[in-house]
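Take a look at the letters that make up each chain.
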Amino acid sequence: MNCKIIHFYPHLMNLYGSYANLTVLRRYLELLGHSVDVVTVAPGEEVNLSDADFIFMGAGTERSQKAALRDFRRFADDIRTLADSGVPMLFCGTAMELLGKSITDEQGTYEALGLADFTAVQSARRQVIDVYGHTELFDAAIVGFLNKSSVISGVERPLLTDCALGWGNEKSGGGEGVLIGNVMGSHLTGPLLVKNPRLLEHVAAIICSRRGEALSTPLPRIPHMEESYIAAEQQLRLRSEK
Amino acid sequence: MKKFFVILICKMIRFVGKLTGRGSSLPGKVALRLCPDILTRVQLPKRIIAVTGSNGKTSTVEMIAAILRADGQRVVYNNEGSNQVDGVATAILSCCSFSGKLDADVLLVESDERYAVHSFRYFRPTEFVITNLYRDQLTRNGHSESVYDAIAPAIHPDTKLLLNADDPLVSCFAKGHDNVKWFGLDRCTLSSDAPTGVYRDGTYCPLCKAPMTYEFAHYNHIGAYTCTGCGHSRHDTDYAVTDADLEQGVLTIDGEVQVHLALRSIYNVYNILAAYAVCRECGVSSETIAQVIDNYILKNGRVVRFTIGGYDGTLLVSKHENSVAYDTNLRYVAALKEPCTVMVILDAVSRKYFTSETSWLWDIDFDLLNTPQVEKILLVGQYCHDLALRFSFTGIDPEKVEYHADINALAEKMKVEGAGKLYVVTCFSDRQKFLSHTQKEA
């Protein structure tokens, strides 16, 4: 099959190597035997989202995030419809905050898309820390790094149910990110899909199953990805057990 | 009396540290603990020059000191210990008299970006050089806009700012500040029409986030920009490199001062220009400056030449977590004409803290190494698989790429096998792990 991936604001929202989430997803889908088109959207550009297989937005600075929000509001209805129909999406870093009710910084409060009922409050105080946690999606631990300036309150269903190491949405050790059906949001860098092969497989499986495509077995492997995960997982697990 | 004892203790700790061969920031740290306002109790020279920015601080400060000394000025600077307030206090207190007078013409301070506001609580620079702001140690610093927000409150209205006109974010420091001098690099042979690199931080204006256009770029987002929204654009320069030819290793400042480059890197060009600009502002003649910086070889160990087995090696310190530093060194290697082996070592991300964060590898333009003369690439250290994964997404022939988790085993092998030019790109944290196996060139 041919997969259509929508990449929102690739130059505006591209901190912490965010783009690499799509780089590895594309390679993985290709290894599964599919062709992939990535459609990029810059602020102000038109795009047809109706047949999207995956939607992605990377992390940006807090100022870039506000610029992204100003433009992204026009897609609110489309995004909600696609989310309701089960289209998988990933919003990294500050992009995750666009999914909630509002974002507040020193200048004021900005209304966000409202896909879920959480709020983000930003301050000059940053949380910068390695993360080791778990998700309800699979058994393997999730690894990554967190670098954010916001406290996120009111998430009902976090992507990481606990952080044995690191900060969650609101506090040390708590749940991190958000899951809204197949829509994932997380402040974890790594990038998330690069560092976590199980999550990459999970996303690819949703994309394929929505199109009625069975995954080939054995599952393909991107060389070095597993070894890289194991190295980080061992290091971070040791530190989480201290 | 308290001042006397604090200075005495500081000097004693430093003396003991020197005997045991360790330069550190401990003396200043202890002094600040004993007497938090000690830096307001000492008498500092009238001229205080500070340098901050993501890259080039140490090299720029070293050259400024060399120039001012050649001009007959007495300079004290924090060349040992840290560039945070402890290191600054160590430099000041260990050089001042017991009465608390710093007997020098100039206090020169290399300042950490994020902690400038702490150092400058006690004294304020007369000249403040800001070299550049890029993605640097994102794991510690957040991003360059958050670093900007940390530096801004450290700028006193009376301080003269010397800003890099080619950096769109650094240029924002001039908003609402009257006393500004600008330095920059004119269009020259090394310029391109648009920004280069894996990510494009110059795509949008740092002030209003509208798209920016470039007349030319020197590297990454450094160049001549104009915002299509608010009009934020490259300021006219007071000091300019009017021509730079890295292949010939020559640059011209203000159309008349020729300088030969011991290190043919674009960074070196900017560091020299920044040092030139601030020294001219301090009244040093362009002749004196040219004499000092012509073929100036930095002493700070950022470039080390060595041999191992049949290899003739050069180590370029690149700072992990800093993609622009990597890009600059990779561009330098890519521009060489001779066949070579390139080694990238990533064993510990930082020497100061633990992290397994390697997302910055995706910000580095490793495709720069996709040239015929780079014949082999060795990816080395604990994170060699993160490197190998990143390299598998470049256009580089996988046949050229090897990975080795064990630095020692690889070094032993290289002592008996292989030959040719070797370029090692790595950070302070990992440098010694390989250099300890090599013979340094005198």
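Only a predicted model underlies this, so the values are computations on that prediction, with no experimental measurement involved.

### Regarding the overall build of chain B
Phase 1: Along the backbone of chain B there are 14 helices and 18 strands.
Phase 2: The C-alpha radius of gyration of chain B comes to 22 Å, within 12% of the 22 Å expected for a compact globule of 442 residues.
Phase 3: Along the first, second and third principal axes, the C-alpha atoms of chain B reach 70 × 55 × 40 Å.
Phase 4: The long-range fraction of contacts in chain B, counting pairs at least 24 apart against all pairs at least 6 apart in sequence, stands at 72%.

### Topic: the sheet that holds strand E18 (residues 439-440) of chain B
All names here are of chain B.
Phase 1: The strand order across the open sheet built from seven strands is E16-E15-E14-E17-E13-E12-E18, with neighbouring strands paired in mixed fashion. The open sheet terminates on both sides in strands that have one partner only, identified here as strand E16 (401-404) and E18.
Phase 2: Note that strand E15 (residues 374-380) and E16 share four bridges and pair parallel. The residue of E16 that forms the bridge with Leu 378 is Glu 402.
Phase 3: Its contacts with the sheet put helix H12 (residues 384-391) on strand E14 (340-345), E15 and E16, and the angle it makes with E16 is roughly 165°.

### With respect to the sheet that holds strand E3 (residues 106-110) of chain B
Residue and element names in this part refer to chain B.
Phase 1: Taken together, nine strands build an open sheet; the order of strands is E2-E3-E1-E4-E5-E6-E9-E10-E11 and the sheet is mixed. Strands at the two margins of the open sheet, each flanked by one partner only, are strand E2 (75-77) and strand E11 (257-260). Going from strand to strand, the sheet's axes swing by 20° on average, the running direction of each strand aside.
Phase 2: Across four bridges, the pairing between strand E10 (residues 250-253) and E11 is antiparallel. Considered in E11, the bridge of Val 250 is made with His 260.
Phase 3: Contacts from helix H4 (residues 57-70) reach strand E1 (47-52), E2, E3 and strand E4 (127-130) within the one sheet, and its direction differs from that of E3 by about 165°.
Phase 4: Helix H5 (residues 85-95) rests against E2 and E3 of the sheet, and its axis sits at about 140° to E2.

### Re the interface of chain B and chain A
Phase 1: Across the contact, 28 residues belong to chain B and 32 residues belong to chain A.
Phase 2: Looking at the side of chain B that touches chain A, the elements that each hand over two or more residues are helix H7 (138-141), helix H8 (144-151) and H12 of chain B.
Phase 3: Per element, the largest residue contribution to the side of chain B that touches chain A is four residues, and it comes from H12 of chain B.
Phase 4: Looking at the side of chain B that touches chain A residue by residue, the class counts come to nine nonpolar, eleven polar and eight charged.

### A look at the domain arrangement of chain B
Residues and elements named next belong to chain B.
Phase 1: As far as domains go, chain B holds domain 1 (2-293) and domain 2 (303-440).
Phase 2: Taking the mean C-alpha position of each, domain 1 and domain 2 sit 28 Å from one another.
Phase 3: Taken residue by residue, the interface counts 19 residues in domain 1 and 17 residues in domain 2.
Phase 4: Of all the secondary structure elements, the ones that give two or more residues to the side of domain 1 that touches domain 2 are H7 and helix H9 (266-281).
Phase 5: A per-class count over the side of domain 1 that touches domain 2 returns nine nonpolar, seven polar and three charged.

### So, the pairing of strand E9 (residues 239-245) of chain B
Residues and elements named next belong to chain B.
Phase 1: Relative to E9, strand E6 (residues 180-185) runs parallel, the two being bridged by three bridges. Residue Gly 184 lies in a different strand from E9, and its bridge partner there is Ala 240.
Phase 2: Across four bridges, the pairing between E9 and E10 is antiparallel. Looking at E10, one finds that Val 241 is bridged to Ile 253.
Phase 3: Between E9 and E10, which pair antiparallel in sequence order, lie four residues; one of them, Gly 249, sits at a positive phi of approximately 70°.

### As for the pairing of strand E8 (residues 222-227) of chain B
It is a general feature of regular strands that their side chains alternate between the two faces of the sheet.
All names here are of chain B.
Phase 1: One ladder, built from six bridges, connects strand E7 (residues 212-219) with E8; its direction is antiparallel. Paired with Ala 217 across the strands is Gly 223, a residue of E8.
Phase 2: Linking E7 to E8, which pair antiparallel, is a turn of two residues; within it Asn 220 sits at a positive phi near 40°.

### Notes on H9 of chain B
Residue and element names in this part refer to chain B.
Phase 1: For H9, spanning 16 residues, the distance from its first C-alpha to its last is 23 Å, which sits close to the expected 22 Å at 1.5 Å a residue.
Phase 2: Burial analysis of H9 places 14 of its 16 residues in the buried class, which makes it a mostly covered element.
Phase 3: At the C-terminal side of H9, Gly 283 shows a positive phi close to 90°.

### Here's the deal with the environment of Glu 226 of chain A
Residue and element names in this part refer to chain A.
Phase 1: Positionally, Glu 226 belongs in helix H6 (residues 225-240).
Phase 2: Sequence separation between Glu 226 and Thr 135 is 91 residues, and the spatial gap between their C-alpha atoms is 18 Å.
Phase 3: Here Glu 226 is in contact with Pro 197 and Arg 221, once residues within four sequence places are set aside.

### Points about the packing of H4 of chain B against helix H10 (residues 286-293) of chain B
Residue and element names in this part refer to chain B.
Phase 1: Where H4 contacts H10, the two axes come as close as 9 Å, and the packing angle between them is 125°. Classified by the angle their axes make, H4 and H10 are oblique. Judged by the sense of rotation from one axis to the other, the crossing of H4 with H10 is right-handed. The segment H4 lies against H10, with Met 63, Ala 66, Ile 67 and Ala 70 engaging Thr 288, Ile 289, Gln 291, Val 292 and Ile 293.
Phase 2: Split into classes, the residues belonging to the contact of H4 with H10 amount to seven nonpolar, two polar and no charged.

### Things to note about the confidence of the model for chain B
Phase 1: Taken residue by residue, chain B gives an average pLDDT of 92. The fraction at 70 or more is 99%.
Phase 2: On the interface metric, ipTM, the complex scores 0.96, and its pTM is 0.93.

Reading guide: rules and limits
- Residues numbered from 1 in each chain as written.
- Chains lettered and ligands numbered in written order.
- Predicted model: local features only at pLDDT ≥ 70, side-chain atom pairs only at ≥ 80, totals over all residues.
- Helix = DSSP H or I, 4+ residues; strand = E, 2+ residues; numbered from the N terminus.
- Rg over C-alpha atoms; globule rule 2.2 N^0.38 Å.
- Contact = placed C-beta atoms within 7 Å.
- Pairing = 2+ DSSP bridges.
- Axes fitted to C-alpha atoms, helices over the stretch in contact; angles between N-to-C directions.
- Nonpolar A, V, L, I, M, F, W, Y, C, P; charged D, E, K, R; others polar.
- Domains from an automatic or database assignment.
- Expected span 1.5 Å × (residues − 1).
- Buried ≥ 20, exposed ≤ 12 C-beta atoms within 10 Å, placed from the backbone.
- Parallel < 35°, antiparallel > 145°, perpendicular 65-115°, else oblique.
- Left-handed = near helix turned anticlockwise from the far one by under 90°.
- pLDDT = per-residue confidence, 0-100.

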